[in-house]
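Fold and geometry: a report
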Amino acid sequence: MATGEFQVMKVPAEQLTGVLHGQVVDPGAQPTNVVRCGEGWTVDVSWEVAGELVDWLAGRWHVEIIADLLGGGETRHPSPPVELTFTPGSGRYTASVPMRGQLGPGTYDLVVNLTTTTAAGSAGALGGFVVISKISVQE
């Protein structure tokens, strides 16, 4: 499981901090870096925010996978991104992004992109990313 950067507002770490993880999982729920186009593989993401300000957070998380084909272009999945509502009193979250049929054969760099919107719908000040090592998508 890859661990990534988590960006928070400019507040002291004891008030708000976080960690973000992501991994590719095959249809048998095993971590992998080789998948087949037509199989039901996913990118599993988990993150945790902690500190005094967790109960004050309001808004929504947005999770998307950025797939960069080596020698090709970049795509984002799913569209629109997976959304989860902030949960007061709990700073732990998980999401599983289904990727079956989303990528053609090739080698990809995958990045989990986590962003937020405020309760009012404007761009939030929390987020982060995880770079997942290269994966091979086969027919």
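Okay, so let's go over this structure. Computed from a predicted model, the values in this text were never measured in an experiment. (Residues numbered from 1 in each chain as written. Predicted model: local features only at pLDDT ≥ 70, side-chain atom pairs only at ≥ 80, totals over all residues. Heavy atoms only, no water.)

Some details on the packing of aromatic side chains
One pass over the structure, following the stated rule, counts four aromatic pairs. Ring centres of Trp47 and Tyr93 lie 5.6 Å apart, and the angle between their planes is 15°; on these two criteria the pair is classed as stacked. Highlighted residues: Trp47 in strand β4 (residues 42–50) and Tyr93 in strand β7 (residues 92–98), separated in sequence by 46 residues. In this pair, the class of Trp47 matches that of Tyr93, namely buried. Joined through ring pairs, the aromatic side chains of Trp47, Trp61, Phe86 and Tyr93 make up one cluster. (Phe/Tyr/Trp six-rings, centres within 6.5 Å; stacked < 30°, edge-to-face > 60°. Helix = DSSP H or I, 4+ residues; strand = E, 2+ residues; numbered from the N terminus. Buried < 20%, exposed > 50% of the residue type's maximum accessible area, 1.4 Å probe, protein only.)

Thoughts on the environment of Val97
The residue Val97 is located in strand β7 in this model. The sequence separation of Val97 and Thr42 amounts to 55 residues, and the corresponding C-alpha distance is 5.3 Å. In this structure, Val97 is in contact with Trp41, Thr42, Val43, Val63, Ile65, His77, Pro78 and Val82, ignoring residues within four places of it in sequence. (Contact = heavy atoms within 4.5 Å.)

Section: unusual backbone geometry
For the bond from His77 to Pro78, the omega torsion is -20°, close enough to zero to count as cis. Among the secondary structure elements, Pro78 is positioned in strand β6 (residues 74–85). Even without a glycine there, the phi angle at Ala29 is positive, about 70°.

Looking at the environment of Val131
Tracing the backbone through its elements, the reader meets Val131 in strand β9 (residues 127–138). The sequence separation of Val131 and His62 amounts to 69 residues, and the corresponding C-alpha distance is 17 Å. Beyond its immediate sequence surroundings of up to four residues, Val131 is in contact with Ala2, Leu110 and Val111.

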